[in-house]
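Listed below are the residues making up each chain.
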Amino acid sequence: MKRYALLMLISLTWGFGQSIMDLMQKSGAEGSDIMKLQEQAGPSDGPDKIPSEVPITEVVKILQIPDDSETLEYFGYAYFSNRGELAFLDNLPAPANYQVGAGDEIIITIWGETQLRETSQISRDGNIYFENVGLVNMVNLSFDQAKQVLRSRFENVYSTLRGGSKATTYMEISLGALKSINIHFLGEVKSPGVMPIHPFSTVTTGLLQAGGVSLIGSLRDIQIIRNGQVLKRIDYYQYLQEGAIDNNIRLADNDVISIPVRKSTIHIKGQVKRPGIF
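These numbers come from a predicted model, not from an experiment.

(A) Region of interest: the pairing of strand 4 (residues 134-137). Two strands pair when backbone bridges link them, and strand 3 (residues 127-130) and strand 4 are joined in this way by four bridges, in the antiparallel orientation. Bridge pairing in strand 4 places Asn-127 opposite Asn-137. Joining the antiparallel neighbours strand 3 and strand 4 is a turn of three residues, in which Asn-132 adopts a positive phi near 75°.

As structure tokens, then:
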């Protein structure tokens, strides 16, 4: 019985081994390829190990968006940066309400039966002297009022100036060199302090002469102070965007222009019509 069981076991083992050899022969090169892949992969750390060299089929490049906040310009401030010499102010006619004062030069021109041209300057006391006429007081007079006073005094000396349309001598009174007015620039202005500027200056041309507003100053609430009271407030965005500025008054001696600190800042960039810092 034992011999019979042993013979059966040997027969089964030989048959099973023969089946395995047949399968390996049928697989042929396929089995060899599997062995080669296993040798290339090396020892396995687990069933899901990925081969060390994986072919790259696509490269995705990530572009960095540049930060252009440093290239943005502050809106409106460049308008006041071009000081130049503001020579155009010297070509403007004197306003009728211009108040003459110490340092102003007055030119008298007379022609016709009498020929005369004389230039004189108003003194610190407010007087002006002309030959044959003497001292004439100019204190607190507008230019129109000063012309009336001077004409009356000259008519007393040159009678041919009288008579209206029948006069045989004619007279013209004009301004020569002009005094400066002292304006106090306070707050966030590039050149703070007391500055002498052209007497025909408005708030805008005054700021141009002072170098403009600093980048931390506001263009939205510029204050003009006269005799201790806020006379006007100016929002320059209204002027720069619409061309309208109602409070751009002509400055007077010892006026104060106060520039407050900018209250808020907005950066606008990208695909917009007017990028900048506002």
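(B) Local environment of the side chain of Asp-255. Considering the arrangement of structural elements, one finds Asp-255 in the loop between helix 5 (236-242) and strand 10 (256-259). Its relative accessible area of 1% is what places Asp-255 among the buried residues. One polar contact links the side chain of Asp-255 to the main-chain amide nitrogen of Ala-252, over a distance of 2.8 Å. Apart from residues no more than four positions distant in its own chain, Asp-255 is found in contact with Asn-182, Ile-183, His-184, Ile-225 and Arg-226.

(C) Fine view of the packing of aromatic side chains. In this structure the tally under the stated criterion is seven aromatic pairs. Here the aromatic rings of Phe-75 and Tyr-237 are separated by 5.1 Å at their centres, their planes lie at 80°, and the arrangement is edge-to-face. Of this pair, Phe-75 sits in the loop between helix 2 (29-41) and strand 1 (105-112) while Tyr-237 sits in helix 5; the two residues are 162 residues apart in sequence, bridging distant segments of the chain. For Phe-75, a relative accessible area of 15% corresponds to the buried category. Owing to a relative accessible area of 12%, Tyr-237 belongs among the buried residues under this scheme. With centroids separated by 5.4 Å and ring planes inclined at 85°, the aromatic side chains of Tyr-98 and Phe-200 adopt a geometry described as edge-to-face.

(D) Here's a closer look at a nonpolar patch on the surface. Among the surface-exposed residues, Ile-266, Ile-268 and Val-272 lie close enough to one another that they form a single nonpolar patch of about 230 Å² accessible area. Considering the arrangement of structural elements, one finds Ile-266 in the loop between strand 10 and strand 11 (267-268).

(E) Highlighting the confidence of the model for the protein. For the protein, per-residue confidence averages 78 on the pLDDT scale, and 72% of positions sit at 70 or higher. Scored below 50 in pLDDT, residues 16-20 shows zero contacts in the model against residues more than four places distant or in partner chains.

(F) The sheet that holds strand 9 (residues 229-234), seen in detail. On the basis of which strands lie adjacent, the open sheet formed by five strands has the order 7-6-10-8-9 and mixed pairing. A strand with exactly one partner marks an edge of an open sheet, and here the two such strands are strand 7 (193-197) and strand 9. Between one strand and the next, the sheet's axes are offset by a mean angle of 30°, whatever the strand orientation. Judged from the five bridges that link them, strand 6 (residues 181-187) and strand 7 form a sheet pairing that is antiparallel. Bridged to Ile-183 within strand 7 is Met-195.

(G) Highlighting the nonpolar core. Residues Phe-185, Val-203, Leu-207, Ile-222, Tyr-236, Leu-251 and Ile-257 are the most contacted members of the largest nonpolar core, which totals 24 residues. Of all the secondary structure elements, the ones that give two or more residues to this core are strand 6, strand 7, helix 4 (203-209), strand 8 (222-226), helix 5 and strand 10. Ranked by residues supplied to this core, first place goes to strand 6 with three residues. Setting aside residues no more than four positions away along its own chain, Ile-257 makes contact with Ile-183, His-184, Phe-185, Leu-186, Val-203, Leu-207, Ile-222, Gln-223 and Leu-251. Core analysis: the next-biggest nonpolar cluster, separate from the first, contains 22 residues, Ile-122, Tyr-158, Leu-175 and Phe-200 among them.

The rules behind each value
Residues numbered from 1 in each chain as written. Predicted model: local features only at pLDDT ≥ 70, side-chain atom pairs only at ≥ 80, totals over all residues. Heavy atoms only, no water. Pairing = 2+ DSSP bridges. Helix = DSSP H or I, 4+ residues; strand = E, 2+ residues; numbered from the N terminus. Buried < 20%, exposed > 50% of the residue type's maximum accessible area, 1.4 Å probe, protein only. Polar contact = N/O pair within 3.5 Å; in protein donor to acceptor, adjacent residues only side chain to side chain. Contact = heavy atoms within 4.5 Å. Phe/Tyr/Trp six-rings, centres within 6.5 Å; stacked < 30°, edge-to-face > 60°. Patch = residues over 30% accessible without salt bridge, like charges linked within 9 Å, V, L, I, M, F, W, Y side chains within 5 Å. Areas by Shrake-Rupley, 256 points an atom, 1.4 Å probe, with all protein chains shown as cover. Salt bridge = Lys/Arg side-chain N within 4 Å of Asp/Glu carboxyl O. pLDDT = per-residue confidence, 0-100. Axes fitted to C-alpha atoms, helices over the stretch in contact; angles between N-to-C directions. Core = buried A, V, L, I, M, F, W, Y, C linked by side-chain atoms within 4.5 Å.

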